[in-house]
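Chain and residue survey
Each chain, letter by letter, is given below.
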Amino acid sequence: MSMVQKLGDAVIIKGSKFYYVLMFLATTGFLIACIFLIIHGLKFNLNTPFSILAEE
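Let me sum up the structure you'll find in this document. Residue positions are given per chain, counted from 1 along the sequence in the order it is written. Restriction of local features to residues with pLDDT of at least 70 applies here, the model being predicted, together with a cutoff of 80 or more for giving and counting side-chain atom pairs; totals for whole chains, interfaces and linings are based on all residues. As a rule here, side-chain values come from all non-hydrogen atoms in the structure, and water together with hydrogens is ignored.

Describing a nonpolar patch on the surface
Heads up, the condition is: Patch members must show over 30% relative accessible area and no salt bridge, and they are joined within 9 Å when carrying like charges or within 5 Å when they are nonpolar side chains of Val, Leu, Ile, Met, Phe, Trp or Tyr. Computed with a 1.4 Å probe, the accessible areas rest on the Shrake-Rupley method; for each residue, only the protein chains presented here act as cover. Note on definitions: salt bridges are taken to be side-chain nitrogens of Lys or Arg within 4 Å of carboxyl oxygens of Asp or Glu. In DSSP terms, a helix is any run of H or I states spanning at least four residues, a strand is any run of E spanning at least two, and both are numbered starting from the N terminus.
Side chains of Met 3, Val 4, Val 11 and Ile 13 sit close together on the surface and give an oily, nonpolar patch of about 380 Å² of accessible area. With respect to the helices and strands, the residue Val 11 is situated in strand S2 (residues 10–13).

Points about the pairing of S2
Using the following cut-off: Any two strands with at least two DSSP-identified bridges between them are counted as paired.
The pairing of strand S1 (residues 4–7) with S2 spans four bridges and is antiparallel. The residue bridging Leu 7 from the neighbouring strand is Ala 10, located in S2. The turn joining S1 and S2, which pair antiparallel and follow one another in sequence, is formed by two residues; a positive phi near 70 degrees is taken by Gly 8.

Take a look at the structure:
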């Protein structure tokens, strides 16, 4: 059975279960990393005033 089927104007592409699991794990990992970075970015506390960072 072919992985690509044509039904009229529509093209249906089927993937293996391995790739569906791989895409699910990648998407879940990216979401977890994004949430982690957002939470830790909001908790970031800079003790040095920005005026000192701007001086050369």
